[in-house]
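Chain and residue survey
Here is how the chains run, residue by residue.
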Amino acid sequence: MNFAVGLKPLLAEARSMESLEKQLICPICLEMFTKPVVILPCQHNLCRKCANDVFQASNPLWQSRGSSAVPSGGRFRCPSCRHEVVLDRHGVYGLQRNLLVENIIDIYKQESARPLHAKAEQHLMCEEHEDERINIYCLRCEAPTCSLCKVFGAHKDCEVAPLPAVYQRQKVGGPGGAGEGPGGCPPSRPSRPSRPVPSRPVLSQSELSDGIAMLVAGNDRIQAIITQMEEICRTIEENGRRQKQHLGLRFDSLYSILEERKKELLQSIAREQEAKVQRVRGLIRQYGDHLEASSKLVESAIQAMEEPQMAVYLQHSKELLKKITDMSKVSMSSRPEPGYENMDHFSINVDYVAEMLRTIEFQTEPLGEDEADGPGDGSETVADEERLDSLEVPEATEDVGPRQKPASSPHGQH
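A few points on the structure. (Residues numbered from 1 in each chain as written. Predicted model: local features only at pLDDT ≥ 70, side-chain atom pairs only at ≥ 80, totals over all residues. Heavy atoms only, no water.)

1. Things to note about the packing of aromatic side chains
Selection rule: In summary, the pairing rule links any two rings of Phe, Tyr or Trp, Trp by its six-membered ring, whose centres are within 6.5 Å, and it sorts them by plane angle into stacked for under 30 degrees, edge-to-face for over 60 and tilted for everything else. Helix and strand definitions follow DSSP, with helices as H or I runs of at least four residues and strands as E runs of at least two, each counted in order from the N terminus.
In total, this model carries two aromatic pairs according to the counting rule given. Ring geometry for phenylalanine 55 and phenylalanine 76: centres 6.2 Å apart, planes at 70°, overall edge-to-face. Of the two residues, phenylalanine 55 is situated in helix α2 (residues 48-58) and phenylalanine 76 in strand β3 (residues 75-77); the sequence distance between them amounts to 21 residues. Ring geometry for phenylalanine 251 versus tyrosine 255: centroids 6.3 Å apart, planes at 55°, classification tilted. Separated by four residues within a single helix, phenylalanine 251 and tyrosine 255 lie in helix α7 (residues 205-305), roughly one turn from each other.

So this is what it looks like as structure tokens:
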């Protein structure tokens, strides 16, 4: 189609109207100026009512206009540029009205009140012939065009009809032939004879209404699908949040099981450590007592050998010799067996458990309600505890005897 449908001029006009409206905004009430509009000495404009409000606020002691007394003038500052405005005794009523701005406001309101299609019709100009309006309809190409396009342009061999007649048939289904104007009038401009072209059916208002209804129904279906998918998204988010919480509870249960098992194994190590240390310390005390007694006996023997009196020496030598003999017969064979200090039998192997933890995966089958509500009460937790209980290394039978047998010897010695 070689014509412009008037979108660019309409957009340009809309932008210019919007720019004009911004210039007609009062800086006090932030709305369009309300007549009468007064102009200040600084050339800024205000609604007289807004100017009076500003003046009264700046001069609270100034008397009203209807007062019998003759008041003095006042002053206030322009809200746009802060220029000081000095008024006479008439106050804001002494300011000059801006009739130009008031006339522009009237024209703006008239233009804004005009219907959109009326403005658009004025701007439907041909693209090839910029000064020609689009006033006819090409029945072959099914496109609006101008008279010059029919006489000289691309539609010179086409059958045309007046634009109002085609609009009447399409919009309201009124009378009028394909090649006639309203009331059977010929086209506005004569055209040279051409080969008759069968006119295509023009879309009626009922067909257009049916198409709109179909689109609206389709939009309703799409909106319902969108709503359903949004609900699915919310459900997915809620299910994901719940499953994250359940997963965290499951792992917290595993952590508690590991901590409990760790505590039990540490207590086992601590018990055996304490028992071994107590036994060795008992032997140390036993050997220490024997060493002290032997040292005292040696000291007594040395003193007896240095005794100068023979009678005293002979009296104590026999008893001293008996004590030395008894002391030498005391057996000190109780001692920890080789490797007694070794604690390697408390080693554990967690490689297979670590491998099992690395292979934790989600169940392919959905969980039941009891299992999904919370961990800790199901068979899975019990199975985890049983597997972790197997980590404790059983005590070796050959180590029990050597540890228990010497443990009783210190009591026998005491």
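2. Structural notes on a negative patch on the surface
Selection criterion: Patch membership requires more than 30% relative accessible area and the absence of a salt bridge. Residues of like charge join within 9 Å; the nonpolar side chains Val, Leu, Ile, Met, Phe, Trp and Tyr join within 5 Å. Only the protein chains shown count as cover for residues, and the accessible areas themselves come from Shrake-Rupley with a 1.4 Å probe. We define a salt bridge as a contact between a side-chain nitrogen of Lys or Arg and a carboxyl oxygen of Asp or Glu at a distance within 4 Å. The sign given to each residue is positive for Lys and Arg and negative for Asp and Glu; His and the chain ends receive no count. By convention, the charge on Lys lies at NZ, on Arg at CZ, on Asp at CG and on Glu at CD. Each residue's exposure class comes from its accessible area (1.4 Å probe, protein chains only) as a fraction of the maximum for that residue type: buried when under 20%, exposed when over 50%, partly exposed otherwise.
Taken together, the side chains of Glu127, Glu128, Glu130 and Asp131 present a region of like negative charge at the surface. When you line up the elements, aspartate 131 lands in the loop between α4 (116-122) and β5 (136-138). Taking relative accessible area as the criterion, aspartate 131 reaches 75% and is therefore assigned exposed.

3. Describing the environment of histidine 83
Mapped onto the fold, histidine 83 is located in the loop between β3 and β4 (84-86). Measuring from C-alpha to C-alpha, the distance between histidine 83 and cysteine 42 comes to 6.8 Å, with 41 residues separating the pair along the chain.

4. Let's talk about a nonpolar patch on the surface
Together, Leu247, Phe251, Tyr255, Leu258, Met356, Leu357, Ile360 and Phe362 give the surface a local cluster of nonpolar side chains, amounting to about 730 Å² of exposed area. With respect to the element layout, methionine 356 can be found in helix α9 (residues 351-358).

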